[in-house]
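Read off the chains here:
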Amino acid sequence: MPSARRLDATDARILLALGRTPRATAVALAEELGLSRNTVQSRLARLEQGDVLRSPEHRIDPATLGYPLSAFVTVQVTQRMLDEVGRSLAAVPEVLQVHGLTGPQDLLVHVVATDAEDLYRIAGQMLEIPGVERTSNALVMREMVPYRLTPLLERAARD
């Protein structure tokens, strides 16, 4: 969800420093950035309360958990059942993320699997969800650009 408040350059500098050293203390961040400890602590607290700082789960490679296969599944949903389908997809452990889309497909679902047979099982499980009309799978061959925000934070830090 979009944040109601835009980050300023100081927030961006704090987040960049935190990205470089995720376990840095507020004191260490303050020293690195030339800010007061209170400033860093209050801004970090505000960022956490505002859902700007999300779970560090995205840093874990699913392959290390036994899920080396990654795929994107587009899903067509019976209209008015979108929320129910979303809740059902959230109950599938292999579903990493679900995005609502515009256009002919309603959802883009990022899933992981142990192998092709496991992906087939997951796809079948998704098709059994009431309201799911059709799915289409695309295997991820390799990640070309990993999820990143650093270029945007660097731009914001200059503003």
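Because the structure is predicted, anything quoted here is derived from the model rather than measured.

K.L.:
Just to check I follow, could you spell out unusual backbone geometry for this structure?
P.N.:
Leave glycine aside and you will find that most residues have negative phi; peptide bonds, for their part, are mostly trans. In this structure, R80 takes a positive phi of about 75 degrees despite not being glycine. Relative to the assigned elements, R80 resides in the loop between β1 (69-77) and α4 (82-90). Overall, R80 belongs to the exposed group, its relative accessible area being 81%.

K.L.:
Please explain the packing of helix α1 (residues 9-20) against helix α3 (residues 37-49) as it appears in this structure.
P.N.:
The packing of two helices is summarised by the inter-axis angle and the distance between the axes. Direction vectors running N to C along α1 and α3 enclose 85 degrees, while the axes themselves pass 11 Å from each other. Of the possible angle classes, the one that applies to α1 and α3 is roughly perpendicular. Residues T10, D11, I14, L15 and L18 of α1 lie in contact with α3, whose contacting residues are V40, R43, L44, R46 and L47. Considering only residue class, the contact of α1 with α3 consists of 6 nonpolar, 1 polar and 3 charged.

K.L.:
Could you clarify how one ought to interpret the domain arrangement of the protein chain in this entry?
P.N.:
One frequently used descriptor of interface size is the decrease in accessible area upon assembly of the parts. Looking at the protein chain, the domain boundaries give domain 1 (9-57) and domain 2 (62-139). If you average the C-alpha positions of domain 1 and of domain 2, the two centres end up 34 Å apart.

K.L.:
Any chance you could explain the sheet that holds β1 here in plain terms?
P.N.:
The pairing of strands in a sheet comes from backbone hydrogen bonds and takes either a parallel or an antiparallel form. In spatial order, the strands read β2-β3-β1-β4; together these 4 strands make up an open sheet with antiparallel pairing. Each edge of the open sheet carries a strand with a single partner, namely β2 (95-100) and β4 (132-139). Averaged over all adjacent pairs, the angle separating strand axes in this sheet is 20 degrees, with direction ignored. As defined by bridge partners, β1 adjoins β4 across 7 bridges and the pair is classed as antiparallel. Among the inter-strand pairings, V73 is bridged to a residue of β4, identified as N137.

K.L.:
I would appreciate a short explanation of the pattern of salt bridges in the present structure.
P.N.:
Two side chains that carry opposite charge are able to pair once their charged atoms sit near each other. All told, the structure shown has 6 salt bridges when counted by the stated rule. We note a salt bridge from R121 to E94, for which the minimum N-O separation is 2.8 Å. Pair noted here: R121 is in helix α5 (residues 116-127) and E94 is in the loop between α4 and β2, with a separation of 27 residues, a long-range link. Classification of E94 as buried rests on a relative accessible area of 8%. In this structure, D118 and R121 form a salt bridge, with 2.8 Å as the shortest nitrogen-oxygen distance. Taken together, the residues D118 and R121, both in helix α5 and 3 residues apart, mark about one turn of the helix. Taken together, the shared-partner salt bridges connect D8, D11, R43 and R46 into one network.

The rules behind the values
- Residues numbered from 1 in each chain as written.
- Predicted model: local features only at pLDDT ≥ 70, side-chain atom pairs only at ≥ 80, totals over all residues.
- Heavy atoms only, no water.
- Helix = DSSP H or I, 4+ residues; strand = E, 2+ residues; numbered from the N terminus.
- Buried < 20%, exposed > 50% of the residue type's maximum accessible area, 1.4 Å probe, protein only.
- Axes fitted to C-alpha atoms, helices over the stretch in contact; angles between N-to-C directions.
- Parallel < 35°, antiparallel > 145°, perpendicular 65-115°, else oblique.
- Contact = heavy atoms within 4.5 Å.
- Nonpolar A, V, L, I, M, F, W, Y, C, P; charged D, E, K, R; others polar.
- Domains from an automatic or database assignment.
- Pairing = 2+ DSSP bridges.
- Salt bridge = Lys/Arg side-chain N within 4 Å of Asp/Glu carboxyl O.

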